[in-house]
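Close look at the chain arrangement
One-letter residues, chain by chain:
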Amino acid sequence: MSLSLYQSSVPVFERSLVAFLGILDKAEAHAQARKFDPTNYLSTRLVPDMFPLVRQVQTFCDHAKNASFRLAGVQPPRIEDNETTFAELRARVETTLGHLKTIDAKAVDAGVDREVVVPIGANTRLKTQGPNYLMHFALPNFYFHLTTAYDIFRSAGVEIGKRDFLGAVPGVSPA
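Remember, it's a predicted structure, so these values are computed and weren't measured experimentally.

Cut-offs and rules
Residues numbered from 1 in each chain as written. Predicted model: local features only at pLDDT ≥ 70, side-chain atom pairs only at ≥ 80, totals over all residues. Heavy atoms only, no water. Pairing = 2+ DSSP bridges. Helix = DSSP H or I, 4+ residues; strand = E, 2+ residues; numbered from the N terminus. Expected span 1.5 Å × (residues − 1). Buried < 20%, exposed > 50% of the residue type's maximum accessible area, 1.4 Å probe, protein only. Arc of directions from axis to C-beta. Contact = heavy atoms within 4.5 Å.

This brings us to the pairing of strand β2 (residues 125-129). Looking along a regular strand, one sees side chains alternate from face to face of the sheet. Of the pairings in the sheet, the one linking strand β1 (residues 115-119) to β2 comprises five bridges and is antiparallel in character. Directly across from Val117, in β2, lies its bridge partner Lys127. Counting the residues that bridge the hairpin from β1 to β2 gives five residues, and of these Gly121 lies at a positive phi of roughly 145 degrees.

Turning our attention to helix α3 (residues 86-101). Because an α-helix completes one turn every 3.6 residues, residues spaced three or four positions apart along the sequence face the same direction. End to end, α3 covers 23 Å across 16 residues, agreeing with the expected 22 Å (1.5 Å per residue, within 8%). Among all positions in α3, only Phe86, Leu89, Arg90, Arg92, Val93, Thr96, Leu97 and Leu100 are buried. Axial view of α3: buried residues confined to an arc of 150 degrees, hence all on one face. The outward face of α3, more than 90 degrees from its buried face, is lined by the exposed residues Ala87 and Lys101. Contact partners of the buried residues in α3: α1 (10-33), α2 (53-71) and α5 (130-155).

As structure tokens, then:
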């Protein structure tokens, strides 16, 4: 059995995004149980020179969305970076999931032979083949920012673990 570019991207992003919605629920419940406003988390950083939580979430959502659309040869839809509440962060993740539902699997699979050009700064572009873009740029960046968001919550005392991060793993059942 061969693994397609679509199978290696869109469902992987979707599973992780859905799992993160559960992490948001636990983080919000954690704040409420301790009687503080969960929006306090939004500006939390692991260290001063890293993005705050809100930017980590925006970034991993953008990597999921942008990678999927670029692999399909379609201009990614733009989402404004203006979230200031937990509800808006949740909506950002849900909007990203909605965009992923519109992706044509065959178009993504055709990305195996497509050159992808990615802006990585004001005047710099990265150009590579679709599989290299997914495996060596998009997925590592997605997981870096997703993991950092998870780590921000974990370091703030939210009771989450690996199973929360992984979410529902397809095809896995108790033995």
